[in-house]
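# Coordinate analysis (summary)
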Amino acid sequence: MNEWLLVYEGFDPGEEGLRESLCTLGNGYFCTRAAAPETEADDIHYPGTYLAGGYNRLDTKMGDRMIQNEDLVNFPNWLPLTFRIGNGNWFRLQAGEVLSYRQELDMRQGVLSRNIHFRDKDGREIKLNERRLVHMANPHLAALETTLTAVNWSGPIEIRSALDGRVINAGVERYRTLNSKHLEPLETRIVDDETIFLKVQTIQSELRVAETARTRVFRNGKSVVTERRKEEEPGYIADNIHLYMDQGSSITIEKVVSLFTSRDPAISECGHDSRKAIVRVENGFDELLADHSQAWQQLGRRFNSEGIWKNPDEGGRVGLIVRLHLFHLLQTVSPHTADLDIGVPARGWHGEAYRGHVFWDELFIFPLLNFRIPEITRSLLLYRCRRLNEARAAASQAGHKGAMYPWQSGSNGREETQLLHLNPRSGRWLPDGSHLQRHVNIAIAFNIWQYYQATLDMEFLAYHGAETLLEIARYWASTATYNPGLDRYEILGVMGPDEYHEAYPDADNPGLNNNAYTNLMAVWVLCRALDVLELMSDYRSREICKAINLSQEELQHWRNVSTKMRVAFNDEGIISQFEGYEDLQELDWQAYREKYGDIHRLDRILEAEGDSANRYKLSKQADLLMLFYLLSADEVTELLNRLGYSFDTENIPQHIEYYMNRTSHGSTLSRIVHAWVLARSDRVHSWKFFMEALESDISDSQGGTTREGIHLGAMAGSVDLVQRCYTGLEMRNDVLWLNPCLPDELLQLRMRIRYRDHLLVLESTPEKLKVISRKPKVAPIRIGCRGEVRELNGGETLEFELAALTH
């Protein structure tokens with residue numbers, strides 16, 4: 001098995017949507033789905049090109065109310081390239097016999113290829129060999145190369161190369177009743193005999209996008225003089241090329257495209273710069289590929305991990321999917337992201353699911369970036385910091401202080417979560433309380449702290465991150481309500497990560513009280529905010545406190561809240577997911593499995609039956625167990641002890657079992673968390689969850705959702721299981737801790753990471769851990785392994801005999 005190649009043999013119309021997502025090409029600036037160039041959107045195919053952060057808002061009248069949605073826009077399709085023999089029909093795979101078909105994604109080079117042998121209804125056979133790329137070195141370029149061979153015929157052929165801005169957003173079936181025409185045409189132009197130009201604009205956000213395409217034809221490596229005819233209509237322009245082919249001969253069509261927007265830095269006008277870029281691309285596909293491939297290989301060296309497996313076949317499958325997940329991460333957020341004002345969309349720039357919005361998934365994504373290319377993390381954190389004023393306004397409108405970030409974020413950081421959502425099983429539109437997932441604030445604060453721990457980037461912390469973290473802490477202290485009867489602070493009316501519970505049974509209003517994950521992590525945020533003020537210089541701390549009017553009296557209130565937060569327990573000593581969880585009914589899981597088979601989305605099943613998930617002890621995904629995913633057992637214990645609760649780490653397996661038995665894993669993130677928390681106590685089940693997490697997108701285990709966009713959090717989280725969970729990597733008290741616990745299936749693991757100023761190579765086996773610093777003349781760092789802490793200087797190597805150390 002080649003771990004760098006994702007290969008599909010045979011054309012399968014039912015799987016085409018999935019393949020289009022999984023074979024998407026991108027560079028962090030824009031992504032293009034792997035739709036065939038000869039196709040338009042229909043029940044099989046869905047071409048889509050998406051700009052990082054390319055949003056637009058539209059109003060739709062639903063009944064007697066007007067609703068507004070902000071969507072990631074499907075921008076003009078640059079791919080269209082098709083042909084017909086004589087005056088026949090334009091090429092379509094379904095219109096003849098497919099004699100052979102192979103599609104291959106080369107993740108080492110970032111190239112998608114198709115090789116097809118086709119016979120039309122008149123018996124004429126043609127071979128098509130196609131390669132495409134979205135350039136990783138130059139983010140504005142893409143290229144498509146198609147070679148056609150006339151197998152058993154001679155005759156005239158017509159080739160059509162086009163730019164199509166008539167596209168709409170129609171990639172998610174449940175959104176199709178909403179307004180979907182986001183683009184208005186501005187200009188089409190014939191630049192020269194080989195080159196066409198298209199410019200469009202989004203209707204509300206007024207984002208202008210320009211595409212220029214140059215199409216050349218070659219025979220035996222030499223340019224062919226052809227007869228050309230142009231077609232133009234609003235939002236569409238095509239170059240029709242006529243030539244003659246002899247039996248057995250081949251021609252190569254090369255299409256190079258540039259894409260610019262009105263928001264790009266260092267440009268005059270996007271149309272001018274798009275046309276100029278094509279003029280300056282003198283090289284052909286192979287030369288473009290060389291620079292593109294080099295950029296991908298440089299990224300690959302930073303992220304690559306190497307393992308020796310007990311079962312090479314299973315290890316090969318794992319290696320392939322890990323590389324696929326890294327490939328899509330780096331197509332969504334790459335070094336080009338550092339120049340953009342964007343967040344991390346939950347579904348990548350690969351489709352229209354979740355409207356391209358930014359949720360909390362960065363919590364699962366940033367750890368990979370922190371230890372490989374932290375400059376990307378910094379840029380993505382700035383997306384949040386720049387929207388601090390919008391979060392402040394949201395908190396103020398809700399009657400709180402500080403910053404309240406939205407559950408779903410898009411262009412400017414307002415709350416994009418809709419108040420209604422569709423249950424496709426029942427066909428009913430239902431109230432949506434998911435905007436009450438205020439724990440997104442926790443994720444942002446956690447990410448700021450983790451980035452600083454990995455990099456010691458004090459400039460970022462002092463001038464960007466600290467103010468954001470302090471305002472998030474202020475929000476939690478403000479929203480905490482004092483209960484004099486308990487002498488405790490409570491957080492009321494929120495939702496935890498488990499999205500099945502929006503409210504108490506039969507309650508008129510959404511929201512739950514004292515979600516344990518939210519309460520405890522709010523305390524964690526308050527503690528880190530106090531730490532940040534100590535980390536910065538006295539002068540800078542005073543500046544920030546004065547700027548945001550943060551007084552000593554308010555800081556004392558934070559200390560009080562952080563020592564008196566309420567956490568509910570049930571009678572068995574288990575931390576309750578939220579207050580009242582223990583009073584809910586148990587679900588007959590076996591009965592529902594027998595009746596429905598796939599019960600991942602129990603909320604939809606129960607609602608369609610006229611029931612509600614709010615009545616039962618069940619979870620869509622890990623909720624309380626998120627504590628043990630983000631924090632070590634010692635850190636969780638310290639938090640609870642700070643609040644005056646006794647907690648024994650020996651009880652953690654009991655908590656895991658209790659909630660695992662009540663979780664349907666309706667989110668791809670759930671298996672990541674469960675694989676993590678079971679890694680040391682139940683390695684067999686941990687490995688099972690890990691393998692299921694790996695397969696979630698490539699096998700589309702969520703039942704058709706991957707075709708709407710990949711699940712980026714689960715992709716990055718699965719790779720992070722290898723990076724941090726199996727190595728026991730964590731940052732605490734200025735020490736980089738390592739506590740390897742390789743799965744039985746993995747005999748050896750080797751990977752490179754960046755930590756502060758060091759370039760480290762980690763080599764781990766069940767018996768030994770080796771930490772190699774590749775960069776000399778840097779300040780020493782402290783490395784801890786199973787209770788032993790040593791100093792590592794630049795250019796030195798540490799070895800830990802694992803069997804000799806205390807677990």
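Counting restarts for each chain, with residues numbered from 1 along the sequence as it is written. Whole-chain, interface and lining totals are the exception, using all residues; otherwise, since this is a predicted model, local features are given only for residues with pLDDT of at least 70 and side-chain atom pairs are given and counted only at 80 or more. Here the side-chain values reflect all heavy atoms present in the structure, with hydrogen atoms and water set aside.

### Quick look at a negative patch on the surface
Rules: Patches in this entry comprise residues that are over 30% relatively accessible and not in a salt bridge; like charges within 9 Å are linked, as are nonpolar side chains (Val, Leu, Ile, Met, Phe, Trp, Tyr) within 5 Å. Residue exposure ignores everything except the shown protein chains as possible cover, and the areas themselves are Shrake-Rupley values with a 1.4 Å probe. For salt bridges, the criterion is a side-chain nitrogen of Lys or Arg within 4 Å of an Asp or Glu carboxyl oxygen. Charged residues are defined narrowly, with Lys and Arg counted positive, Asp and Glu counted negative, and His plus the chain ends left uncounted. By convention, the point assigned to a charge is CZ for Arg, NZ for Lys, CD for Glu and CG for Asp. When accessible area is computed with a 1.4 Å probe and restricted to protein chains, residues below 20% of their type maximum are described as buried, those above 50% as exposed, and intermediate ones as partly exposed.
Taken together, D571, E572, E582 and D583 make up a surface patch of like negative charges. On the basis of relative accessible area, E582 is assigned to the partly exposed category, the value being 31%.

### Some words on a positive patch on the surface
Using the following cut-off: To qualify as a helix, a DSSP run of H or I must reach at least 4 residues; to qualify as a strand, a run of E must reach at least 2; elements of each kind are numbered from the N terminus.
Positive charge collects at one region of the surface, where R301, R302, R752 and R774 lie side by side. When you line up the elements, R302 lands in helix α3 (residues 285–303). By relative accessible area, which is 41% here, R302 ends up partly exposed.

### Quick word on the pattern of salt bridges
If you walk through the whole model with that rule in mind, you get 68 salt bridges. Its salt-bridge partner being E459, residue R378 comes within 2.1 Å of it at the nearest N-O pair. In this pair, R378 sits in helix α6 (residues 374–386) while E459 sits in helix α9 (residues 458–479), placing the two residues 81 residues apart along the sequence. Ionic pairing is found between R528 and D531, a salt bridge with its closest N-O pair at 2.9 Å. Here R528 pairs with D531, and both are found in helix α10 (residues 516–535), just three residues apart, close to one helical turn.

### Considerations on the side chain of S334
For clarity, the cut-off: Only heavy atoms matter for contacts: two residues are in contact if any of them lie within 4.5 Å across the pair.
Examined against the element boundaries, S334 turns out to sit in the loop between α4 (312–332) and α5 (362–370). Since its relative accessible area comes to 0%, S334 is described here as buried. The contacts of S334, once residues within four sequence positions are left out, are N27, G28, M136 and I376.

### Some words on the sheet that holds strand β2 (residues 25–26)
We count it as follows: Two strands make a pair as long as DSSP finds a minimum of two bridges between them.
Strand order in the open sheet made by the three strands is β2-β3-β4, with antiparallel pairing throughout. For this open sheet the edge positions go to β2 and β4 (49–51), each flanked by a neighbour on one side alone. Both strand β3 (residues 30–32) and β4 contribute to a ladder of three bridges, which runs antiparallel. Across the sheet, F30 pairs through a bridge with L51, a residue of β4.

### Some thoughts on the sheet that holds strand β12 (residues 155–164)
Basically, it comes down to this: Lines fitted to C-alpha atoms define the axes here, with helix axes fitted over just the stretch in contact, and angles between the N-to-C directions of these axes take values from 0 to 180 degrees.
Spatial strand order, β7-β12-β18-β17: four strands in an open sheet with antiparallel pairing. The sheet terminates laterally at β7 (81–85) and β17 (227–233), the two strands that pair on one side only. Neighbour to neighbour, the strand axes of the sheet diverge by 20 degrees on average, direction disregarded. Pairing geometry for β12 and strand β18 (residues 236–245), over 10 bridges, is antiparallel. The partner of S161 across the bridge, within β18, is D239.

### Description of the packing of aromatic side chains
Our working rule: In this analysis, rings of Phe, Tyr and Trp, with Trp reduced to its six-membered ring, are considered paired at centre separations within 6.5 Å, and the interplanar angle assigns stacked below 30 degrees, edge-to-face beyond 60, and tilted for intermediate values. Two limits define a charge over a ring: the Lys NZ or Arg CZ must be within 6 Å of the ring centre, and within 35 degrees of the ring normal.
Considering all chains together, one arrives at 25 aromatic pairs under this definition. Taken together, a centroid distance of 5.2 Å and an interplanar angle of 55 degrees make the contact between Y354 and F359 tilted. Using a relative accessible area of 33% as the deciding quantity, one classes Y354 as partly exposed. When the centroid spacing of 5.5 Å and the interplanar angle of 85 degrees are considered together, the rings of W360 and F364 count as edge-to-face. By the burial criterion, W360 is buried, and F364 matches it. By the ring-pair criterion, three or more aromatic residues cluster together here, those being Y354, F359, W360, F364, W407, Y629 and W676. One residue, R189, lies across the ring of F197, its end atom 5.7 Å from the ring centre. Sitting over the ring of F800, R790 keeps its end group 4.2 Å from the ring centre.

### What to know about the nonpolar core
Inclusion rule: To form a nonpolar core, buried Ala, Val, Leu, Ile, Met, Phe, Trp, Tyr and Cys residues must be joined to one another through side-chain atoms within 4.5 Å.
Core analysis: the biggest nonpolar cluster contains 209 residues, and W360, W558 and F690 have the highest contact counts within it. The biggest single contributor to this core is α10, with 14 residues. Core analysis: the next-biggest nonpolar cluster, separate from the first, contains 20 residues, F371, L760, V771 and L802 among them.

### Looking at unusual backbone geometry
One non-glycine residue, L456, lies in positive phi territory at about 55 degrees. The class of L456 is partly exposed, set by a relative accessible area of 38%. Notably, N733 is not glycine yet its phi reads approximately 55 degrees, a positive angle. Inspection of the secondary structure puts N733 in the loop between β25 (730–732) and β26 (735–737). Here N733 falls in the exposed class, since its relative accessible area comes to 65%.

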